[in-house]
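Fold and contact review
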Amino acid sequence: MGAEMGITADETSSGGTWRVRIRSSAGDVLGAGILLGSETVLTCAHVIPDDGLPVPATEVLVDLVEVPDTEPVPARVADGCWVPQRSDGCGDVALLRLGRPQPAEHAAPLYRLPPVLGRPVWMGGFPEGLDNGHYLRARTAGRVGPRAEWVGLDPASRRDVVRKGFSGAGVEDEATRHVIGMVVSRYDDPPGIPSAERLSVSYMIPVETILRHLPVVHRWVRGDPGVDRPLVSRLTAGVQDVGFAQRLAVWLRREPLTGRAGIVDVETVVIESGDRVRYEALSRAITLADRELSGGGPDEALSAAPHGTVPPLGSVDLAIDVTRRTDTEVALRVADRMDLRSPGDTSPLSRVRANAVPLTIVAVGVDRARDPEALVRFMKLLADRGSRLEHQGSFIRGGYPRPADADFVFSAGLLPGADRRSTAREVSGDFAAVFRDTPRARELMRYLASADAQRAWGRKTAGRSAHPFFANRDVPLDAQGDDAVDRRIATALRDSASLCLDASDAMPTRMRLAFQRAALTYLSDTTERPDGLLRSLEKVRRRLRGDPDQPWLSTVCG
């Protein structure tokens, strides 16, 4: 592949010789394109004249404008590489096959690079009157366009907005010289708006979206994918844990964090070992949020998905399975994903410390990392450098391929405002309930609550895929697991000043469902005050007060 591309694995741009101009057979400028390899040009589908056929057969001329003494090259749409703009606005990409091969050293270095806010870029096109080319500067400006496929480009000045002749132009990252996208469109406010207030914005299709529509482009792309392979899900419309899927979508739907000083935005989720339903909801959300993975055809399946469970396209920049990885290995993955540079010290951690890292990151299996506490410290560094983190924990370790590699670590160091000195812990638990009050039922409940029963339960299940832990101080630690980590979990439960359930766990079913819906509604738009939602919840609470079929727990802590 390297020979075909004509550039070594660590090189960047070849000086812009990959920029091409596309003209009609009559010589009129149609737009721009990007040379890939020696025989292929990437451009927008709308650049190619419509001749009434399902796939245009019109021949166009391609000029390598920055390569001296080159002749125009005839080109046509390559077989199977035509993705016109769909009815929903997605697509609009195409590959052209050149009639004559060109020197491969002129090919573009396409690169998977998250189009985070504020990244300086530039692009060269061929507007009317400037047939030999003109360059514009801009900064990336967030997800926009059909199904958020596009990325906005805020112009450096009012003169730096793309115009006819720029469609298909490569968007080059100013710092790395990588080609990270392709110009597709622009927006202008209507003439009635005062000129001083009028908005004009350019748009690009990022490389990962191009890959989703034209997988053959993979051969010309560098940079690792944004999602580790174990976290990829086969997309389906349905999801079993709708509430958890909605919670993930709400978190991913928030605006990017660049420019919000001092922000630490971390979401911690516990997925117990063997909980395939919740794990599948997580991997589904990651896959749907990734530009490269989230389908390529029409979105009927997504339109049938449960309400509020589909996150925005491009809302995850990096999803890492950190199982058995060190903090340095994870830092390398982050630094390579962002193509971070550091003067002098080139270690992964130094590359991260020297740069802002405005990514949305999902880290799965933090408690199974090589050194969980070191990784938590690195995650804190990422949050301080501008990242948003989804921290996944699995505190029941049974069933892991190598349980000895997993550890137990509290999340207080990641949570903003958390009291790290507190020994109060939020827990979940198994419950036994009496539905018919009889002497034998009472005897059974007393036995289940006794140290004898819990000691026997723990010793009989130790070594299996899942075993219980007990807050009962009379149950010895050696009855609660098989190794030192299990003992640490049991000790933490025994020595905690207070063990508390989630407040919603203490609510009757109807109250809990109303509370969860209200929480999701509020989190979907935190600019709205929650007063109305709180009044609605209070009405539900009053209706349920005294209802024997809707009992409340008297306390959530003990």
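Owing to the predicted nature of the structure, the values given are computational and were not obtained by experimental measurement.

Points about the overall build of the protein
Across its full length, the protein carries 13 helices and 20 strands. Within the span of the protein, comprising 558 residues, buried residues form 48% of the whole. Contacts spanning at least 24 positions in sequence make up 67% of the contacts within the protein whose residues lie at least 6 apart. About 27200 Å² of surface is accessible on the protein, with carbon and sulfur atoms providing 52% of the total.

Here we look at the packing of aromatic side chains
Applying the stated criterion to the full structure yields three aromatic pairs. For the ring pair Trp-457 and Phe-470, a centre distance of 5.6 Å and an interplane angle of 65° mean the geometry is edge-to-face. Within this pair, whereas Trp-457 is found in helix α10 (residues 451-461), its partner Phe-470 is found in the loop between α10 and α11 (484-495), the two being separated by 13 residues in sequence. Overall, the relative accessible area of 42% leaves Trp-457 in the partly exposed class. Just above the ring of Trp-122 sits the side chain of Arg-19; from NZ or CZ to the centre is 5.2 Å. One residue, Arg-137, lies across the ring of Trp-122, its end atom 5.4 Å from the ring centre.

Comments concerning the state of the cysteines
In the structure shown here, the tally under the stated rule is one disulfide. Across the disulfide, Cys-500 is cross-linked to Cys-557 (sulfur-sulfur distance 2.0 Å). What sets the handedness of the Cys-500 and Cys-557 disulfide is the S-S torsion sign, and at about 110° it is right-handed. Highlighted residues: Cys-500 in strand β20 (residues 499-500) and Cys-557 in the segment after α13 (531-544), separated in sequence by 57 residues. A relative accessible area of 34% places Cys-557 in the partly exposed class.

So, the nonpolar core
In terms of nonpolar packing, the biggest core is built from 44 residues, with Ile-34, Leu-36, Val-62, Leu-95, Leu-96 and Val-217 touching the most fellow members. For this core, the leading source of residues is strand β5 (residues 73-83), giving seven residues. What Val-62 contacts, discounting residues up to four positions off in sequence, is Val-20, Arg-21, Ile-22, Val-41, Glu-71, Pro-72, Val-73, Ala-75, Leu-96 and Leu-98. Among the nonpolar cores identified, the runner-up in size contains 24 residues, and Val-116, Val-330, Leu-349 and Leu-381 belong to it.

Some words on the packing of helix α3 (residues 242-253) against helix α4 (residues 276-289)
For the pair α3 and α4, the least separation of the axes is 9 Å and the interaxial angle reads 35°. At the point where α3 passes α4, the crossing takes the right-handed sense. Between α3, through Phe-244, Ala-245, Leu-248 and Leu-252, and α4, the contact on the second element is made entirely by Arg-278, Ala-281, Leu-282, Arg-284, Ala-285 and Ala-289. A class-by-class count of the residues in the contact of α3 with α4 yields eight nonpolar, no polar and two charged.

Some words on the sheet that holds strand β1 (residues 19-23)
Read once around its circumference, the closed barrel built from six strands follows the order β1-β2-β3-β6-β5-β4, with strand pairing classed as antiparallel. For this sheet, the mean inter-axis angle between neighbouring strands, taken without regard to orientation, is 45°. In this sheet, strand β6 (residues 93-98) lies alongside β5 in antiparallel orientation, the contact comprising five bridges. Looking across to β6, one finds that Val-83 is bridged to Val-93.

Thoughts on the pattern of salt bridges
For the coordinates displayed, the defined rule picks out 24 salt bridges. Between Arg-23 and Asp-63 there is a salt bridge, with its nearest N and O atoms 2.5 Å apart. Of this pair, Arg-23 sits in strand β1 while Asp-63 sits in strand β4 (residues 60-63), and the two are 40 residues apart along the sequence. Side by side, Arg-23 and Asp-63 carry an identical accessibility label, which is buried. Members of the salt-bridge network, linked through shared partners, are Arg-19, Glu-66, Glu-172 and Arg-177.

Observations regarding the pairing of strand β17 (residues 360-364)
Taking burial as the measure, the five residues of β17 include five buried ones, the bulk of the element. Neither face of β17 is exposed, since Thr-360, Val-362 and Val-364 on one face and Ile-361 and Ala-363 on the opposite face are all buried. Relative to β17, strand β16 (residues 318-321) is paired through four bridges, and the arrangement is parallel. Following the sheet pairing, Leu-318 is matched in β17 by Ile-361.

Some thoughts on unusual backbone geometry
What you tend to see is this: most non-glycine residues have negative phi, and most peptide bonds are trans. Although it is not a glycine, Arg-324 adopts a positive phi angle of roughly 65°. Following the sequence through the fold, Arg-324 ends up in the loop between β16 and α6 (327-338).

Side note on the packing of α6 against helix α8 (residues 372-384)
With their axes 9 Å apart at the nearest point, α6 and α8 run at an angle of 30° to one another. Relative to α8, the element α6 is oriented roughly parallel. Counting all contacts with α6, which are made through Asp-327, Val-330, Ala-331 and Val-334, the residues of α8 involved are Ala-374, Leu-375, Phe-378, Met-379 and Leu-382. Of the residues in the contact of α6 with α8, the class split is eight nonpolar, no polar and one charged.

Some details on the side chain of Gln-454
With respect to the helices, strands and loops of the structure, Gln-454 is situated in helix α10. The buried category is assigned to Gln-454, whose relative accessible area is 11%. Among residues more than four places away in sequence, those in contact with Gln-454 are Leu-448, Ala-449, Phe-470, Asn-472 and Val-475.

A closer look at the confidence of the model for the protein
On average, residues of the protein carry a pLDDT of 81, and 83% of them reach 70 or more. Here residues 1-14 scores under 50 on pLDDT; set against residues more than four positions off or in separate chains, the count is 36 contacts.

Quick word on the side chain of Asp-290
Along the polypeptide, Asp-290 turns up in the loop between α4 and α5 (300-303). The side chain of Asp-290 sits in the buried core without any salt bridge; Arg-337 is the nearest counter-charge, 5.0 Å away. Polar side-chain contacts of Asp-290 include one of 3.0 Å to the backbone nitrogen of Glu-292.

Analysis parameters
Per-chain numbering applies: the sequence of each chain, read as written, is numbered from 1 onward. Local features in a predicted model are, by the rule used here, given only for residues with pLDDT of at least 70; side-chain atom pairs are given and counted only at 80 or more, and totals for whole chains, interfaces and linings are based on all residues. Note that the side-chain values use all heavy atoms of the structure and ignore hydrogens as well as water. Under the scheme used here, helices are H or I runs from DSSP no shorter than 4 residues and strands are E runs no shorter than 2 residues, and both carry numbers assigned from the N terminus. For each residue, the accessible area found with a 1.4 Å probe, counting protein chains only, is set against the maximum for its type, and the residue is called buried under 20%, exposed over 50%, and partly exposed in between. By definition in these notes, contact holds between two residues if any of their heavy atoms fall within 4.5 Å. The Shrake-Rupley method, run with a 1.4 Å probe, gives the accessible areas here. Residue values count only the displayed protein chains as cover. Pairing of aromatic rings covers Phe, Tyr and the six-membered ring of Trp, with a centre-to-centre limit of 6.5 Å; geometry is then stacked below 30 degrees between planes, edge-to-face above 60, and tilted otherwise. To sit over a ring, a charge needs its Lys NZ or Arg CZ within 6 Å of the ring centre and within 35 degrees of the ring normal. Counting rule for disulfides: a pair of cysteine sulfur atoms within 2.5 Å. Buried Ala, Val, Leu, Ile, Met, Phe, Trp, Tyr and Cys residues that are joined via side-chain atoms within 4.5 Å together make up what is termed a nonpolar core. Axis geometry follows a simple rule: fit a line to the C-alpha atoms, using only the stretch in contact for helices, then measure angles between N-to-C directions, giving values from 0 to 180 degrees. Crossings are classed by handedness, with left-handed meaning an anticlockwise turn of the near helix from the far one by less than a right angle and right-handed meaning a clockwise turn. Ten residues, namely Ala, Val, Leu, Ile, Met, Phe, Trp, Tyr, Cys and Pro, are considered nonpolar, four, namely Asp, Glu, Lys and Arg, are considered charged, and the remaining ones, Gly among them, are considered polar. Pairing between two strands is assigned when DSSP locates at least 2 bridges connecting them. For this analysis, a salt bridge means a side-chain nitrogen from Lys or Arg found within 4 Å of a carboxyl oxygen belonging to Asp or Glu. For this classification, under 35 degrees means roughly parallel, over 145 means roughly antiparallel, 65 to 115 means roughly perpendicular, and everything else is oblique. pLDDT is defined as a per-residue confidence score from the predictor, taking values between 0 and 100. Within this scheme the basic residues Lys and Arg register as positive and the acidic residues Asp and Glu register as negative, but His and the chain ends are omitted. What qualifies as a polar contact is a pair of N or O atoms within 3.5 Å, subject to a donor-acceptor requirement within protein and to the restriction that residues adjacent in sequence count only when both atoms come from side chains.

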